[in-house]
Amino acid sequence: MRQNPILNEADESDNPLGMLTNLFDVAMVFAVALMVALVTHFNMSEIFSKEDYTIVKNPGAENMEIITKEGNEIKKYTPSDSDSPTNGSKGRRVGTAYQLENGEIIYIPEK
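Residues numbered from 1 in each chain as written. Predicted model: local features only at pLDDT ≥ 70, side-chain atom pairs only at ≥ 80, totals over all residues. Heavy atoms only, no water.

A.B. asks: For this particular structure, what's the right way to read the pairing of strand 2 (residues 65-70)?
C.D. replies: Regular strands show a simple pattern: their side chains alternate between the two faces of the sheet. Counting buried residues in strand 2 gives five out of six residues, a clear majority hidden from the surface. Note: strand 1 (residues 53-57) against strand 2, five bridges, orientation antiparallel. Its bridge partner lying in strand 2, lysine 57 is registered against glutamate 65. Inspection of the sheet shows strand 2 paired to strand 3 (residues 73-77) by five bridges, in the antiparallel sense. Bridging across to strand 3, glutamate 70 finds its partner in glutamate 73. Here strand 2 folds back onto strand 3, and the loop between the two strands holds two residues, one of which, glycine 71, carries a positive phi near 70°. (Buried < 20%, exposed > 50% of the residue type's maximum accessible area, 1.4 Å probe, protein only. Helix = DSSP H or I, 4+ residues; strand = E, 2+ residues; numbered from the N terminus. Pairing = 2+ DSSP bridges.)

If you want it as structure tokens, here you go:
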């Protein structure tokens, strides 16, 4: 038996979910491209490298954060008010030093 080619085309065009698979593919390509663009724009390529690093976000500000990566472990340290030193009567403050849980000390100079 021979099928009518016109009937086969009509069956494919009546499927409302046929276009949905193409939209999913386009959305996945767009999402990956957006992630790559954000990583390159914010210079965050260190996060994906094998090397150890330390990043200081908002140095000297109240909402400062210190992010360290050692091996496969990433730690985030947020200094609290109890960590801040008291003001002395002699000398002047030139920066802040923070000691991480592993004993490493990070110095942040004030602007």
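The rest of the description comes next.
A.B. asks: What am I meant to see in the pattern of salt bridges here?
C.D. replies: Opposite charge on two side chains makes pairing possible when the charged atoms of those side chains draw close. On inspection of all chains with the given rule, the structure shows three salt bridges. As a salt-bridge pair, glutamate 65 and lysine 76 come within 3.3 Å of each other at their nearest N and O atoms. Taken together, the positions of glutamate 65 in strand 2 and lysine 76 in strand 3 put the pair eleven residues apart, joining distant regions of the chain. The exposure class of lysine 76 is exposed, given its relative accessible area of 58%. Counted as one network, the salt bridges with shared partners bring together Lys57, Glu65 and Lys76. (Salt bridge = Lys/Arg side-chain N within 4 Å of Asp/Glu carboxyl O.)

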